[in-house]
There are 2 protein chains.
Amino acid sequence: MPTGPDTPPTIADVAREAAVSKTTASDALRGHGRVSEPTRRAVLAAAERLGYAPNRSARSLRTSVTETIALHIPEFLTSAEYYMSFVFGVAEQAARAGLNVTLLSSGHLPHRGTVPQVDGLVLCDPVAEDPLVEQLMNSGLPVVTAERYVGDKQPTGVIWSDHETSMTELLDHLYDSGAHCPAFIASDTTSDWSTTLQRTHARWCRDRGVPKLDHGAPFGSAPDVLRGVVRDMLAETPRIDAVVCAADGAAAAVLPELRAAGRTVGHDLLLASCVDSTAMRTAEPPITAVDLRPRAMGAECARLLCEILSGETPRGTVRTLPIDMNIRASTRP
Amino acid sequence: MPTGPDTPPTIADVAREAAVSKTTASDALRGHGRVSEPTRRAVLAAAERLGYAPNRSARSLRTSVTETIALHIPEFLTSAEYYMSFVFGVAEQAARAGLNVTLLSSGHLPHRGTVPQVDGLVLCDPVAEDPLVEQLMNSGLPVVTAERYVGDKQPTGVIWSDHETSMTELLDHLYDSGAHCPAFIASDTTSDWSTTLQRTHARWCRDRGVPKLDHGAPFGSAPDVLRGVVRDMLAETPRIDAVVCAADGAAAAVLPELRAAGRTVGHDLLLASCVDSTAMRTAEPPITAVDLRPRAMGAECARLLCEILSGETPRGTVRTLPIDMNIRASTRP
DNA sequence: TACCGTTGCCGGAACGTTCCGGCAAGGTAT
DNA sequence: ATACCTTGCCGGAACGTTCCGGCAACGGTA
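Quick word on the overall build of chain A
Consideration 1: From N to C terminus, chain A includes 12 helices and 12 strands.
Consideration 2: For 333 residues, the compact-globule estimate of 2.2 N^0.38 gives 20 Å, and chain A exceeds it by more than 25% at 26 Å.
Consideration 3: Taken over the C-alpha atoms alone, chain A extends approximately 85 × 40 × 30 Å along its principal axes.
Consideration 4: Burial status across chain A gives 50% buried among its 333 residues.
Consideration 5: Of all intrachain contacts in chain A linking residues separated by at least 6 positions in sequence, the fraction that spans at least 24 positions is 68%.
Consideration 6: Counting every atom, chain A has about 14700 Å² of accessible surface; 50% of that belongs to carbon and sulfur.
Consideration 7: A distance of 7 Å separates the average location of the 32 positive side-chain charges in chain A from that of its 40 negative side-chain charges.

A few points about the protein's contact with DNA strand C
Consideration 1: Taken together, 25 residues lie near DNA strand C, and R34(A), T39(A), I11(B), Y52(B) and R62(B) sit nearest.
Consideration 2: The share of sugar and phosphate among atoms of DNA strand C within 4 Å of the protein is 51%.
Consideration 3: In the model, a phosphate oxygen of DNA strand C is placed 3.1 Å from a nitrogen or oxygen of the R30(B) side chain.
Consideration 4: One nitrogen or oxygen atom from the side chain of Y52(B) is found 2.6 Å from a phosphate oxygen belonging to DNA strand C.
Consideration 5: Residue assignment for the surface near DNA strand C shows that the elements contributing at least two residues are α2 (22-30) and α4 (56-63) of chain A together with α2 (22-30) and α4 (56-63) of chain B.
Consideration 6: Class assignment for the residues of the surface near DNA strand C results in seven nonpolar, 11 polar and seven charged.

Looking at the interface of chain B and chain A
Consideration 1: Contacts between the two partners involve 40 residues from chain B and, on the opposite side, 39 residues from chain A.
Consideration 2: The contact between chain B and chain A buries some 3600 Å² in all, and 63% of this surface belongs to carbon and sulfur atoms.
Consideration 3: Considering only the side of chain B, the residues that lose the most area to chain A are M84(B), L103(B) and Q117(B), jointly responsible for 16% of the buried surface there.
Consideration 4: At the boundary of chain B with chain A, the tally comes to zero salt bridges.
Consideration 5: Inspection of the region where chain B meets chain A yields eight residue pairs in polar contact (both at pLDDT 80 or more).
Consideration 6: Broken down by secondary-structure element, the contributors of at least two residues to the side of chain B that touches chain A are α4, α5 (81-96), β2 (100-104), α9 (223-236), α10 (250-260) and α11 (278-282) of chain B.
Consideration 7: Of the residues forming the side of chain B that touches chain A, the biggest block, 10 residues, is contributed by α5(B).

Calculation rules
Residues numbered from 1 in each chain as written. Chains lettered and ligands numbered in written order. Predicted model: local features only at pLDDT ≥ 70, side-chain atom pairs only at ≥ 80, totals over all residues. Heavy atoms only, no water. Helix = DSSP H or I, 4+ residues; strand = E, 2+ residues; numbered from the N terminus. Rg over C-alpha atoms; globule rule 2.2 N^0.38 Å. Buried < 20%, exposed > 50% of the residue type's maximum accessible area, 1.4 Å probe, protein only. Contact = heavy atoms within 4.5 Å. Areas by Shrake-Rupley, 256 points an atom, 1.4 Å probe, with all protein chains shown as cover. Lys, Arg positive; Asp, Glu negative; His and termini not counted. Charge placed at Lys NZ, Arg CZ, Asp CG, Glu CD. Near = heavy atom within 4 Å. Polar contact = N/O pair within 3.5 Å; in protein donor to acceptor, adjacent residues only side chain to side chain. Nonpolar A, V, L, I, M, F, W, Y, C, P; charged D, E, K, R; others polar. Buried area = accessible area lost by both parts, 1.4 Å probe. Salt bridge = Lys/Arg side-chain N within 4 Å of Asp/Glu carboxyl O.

Structure representation (structure tokens):
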């Protein structure tokens, strides 16, 4: 390991080592100018020998490209598994493209009104009311959103899933399994996902001619709040024969309450969740849920952003991510 | 919004606006040189008027300070709630100190053998075998680890929790509640946390004179693997009267199996987890668990790193994060 | 021979910031 | 009066990179 003094080698060191000029060294490394094959190899060898790595700051100053994207995810009290997987999907895909990922916490923005100095942004489940989201949308930077943005301004790229279809399938599945009076515990956020679920549920009830039974609960609601909601609904409408929960983890939280009400989940009462997670898989009985494939979602967002940044995909591209329903014992009467 | 052409204002623009030199503008903004009060105010006003924000790349090139820290968390179980909270703890605290956080995914490092260009690193639950961890430890950058590092090289700072004491308290609690034959489902990772739990369990059994019943399971084991382990243990040693699970979420996954074995959790069999999570709170019955306070852990790591970077805290500082046990119905016979 | 296009390489300016050293103006002690 | 310090400001170099434009050498064509 031929480490010099203690300051990392610069391109000037590489150039000297290879007995060429800075320009030629740079051209050889970037593959940019006209460099003969032997010279190119000599430069590469010199760089390897010295352990040269380009200084990102200098390069970024010169090219005004930061090789960094920022990731914003909504901050709820509950730490939802969905977002975790999403973050890692983004991180992995970005690393594959040689990009850094920096996290934007909703709470603190370094300087009020200052936009982060990055090449692009990924917004997960953008809530139109969030002032930071709005600011980022108007930053002029390329923005890819996971799920559609309900504001006026359109993002540079979108990956979304067809929750309308999957919610309909879920309700149909319950209906086919004999549940003709399902209750829906909606999520109170104003994300596109949340409102789509509510709209779809309402229309499905109308189409099927069944009563529309729903109740909103804030996304990160505590278990006992959710249980209270369910208790009240069951007390008010005893003929409820299925419960669908929107929020991540809510179905599992509600399970004991159903049991306490004397119902047997999977038999005289079906239970399903709009978000799959370990909690759904490990519940007793395991709970039918829609797998939103968060890791794939994150990866696709990062991929699209990379493609837009490199110009190989036009701005305004919209793609969909297929999602599946995992049918489990909680809806098999 | 007095936006110029379309390129953001530089410090030269601010200087011109305030009718001073670049040097004076810089000094006034940084509070560094000797600047009279009226001049200082004029520069600040000019900067405000133009919406000036310093170019991070230029600044970083000049000062060789990136204002960025990197965060590495083990790849194997990225969906664990613990890590999610940890990440947000770091992000929030770093934002408070004006630092960016970039994620390091274990899978891909931009260039093999290249160290990220950041000011410092936070490693969560460092596993000595992970080659990336080893490389980061030897990068020469300040490193703060969450939990101790079991390799030879010592991190620049450490935040750790006293799992020995809390595990002992947990086992004592079970013992006092009548469970004299507890089984321990250990986690198979080589992190300090994991080995401490196993060591403590072994010693506790010796001290108490109870049989040492344990079995390792990989950290991210699937629910049915865990259930299989428990089934076998119960079949082999029917007098087991308590089960303690190390891995995040494992206790909830195992619950149905205990029920299937004809045991009543909280009565003739106690159940506890070494990691608290929503799954523990929402389980039926709710499961006693050690709250590792991951968000606080993340925040403390970031805080310590900031302090070390700013020089206000010496290298080699080691701090502990207190953790509590949450006693729930699963251990109240 | 004269002309021209191509190839391979290089000098040096520029990106935006920080900060060293210098300088003039004014004050104070000798 | 000289000597000296302090205050307030500034010129300009440096950080490491990219890339524009230029130049010499060479081979091919007329």
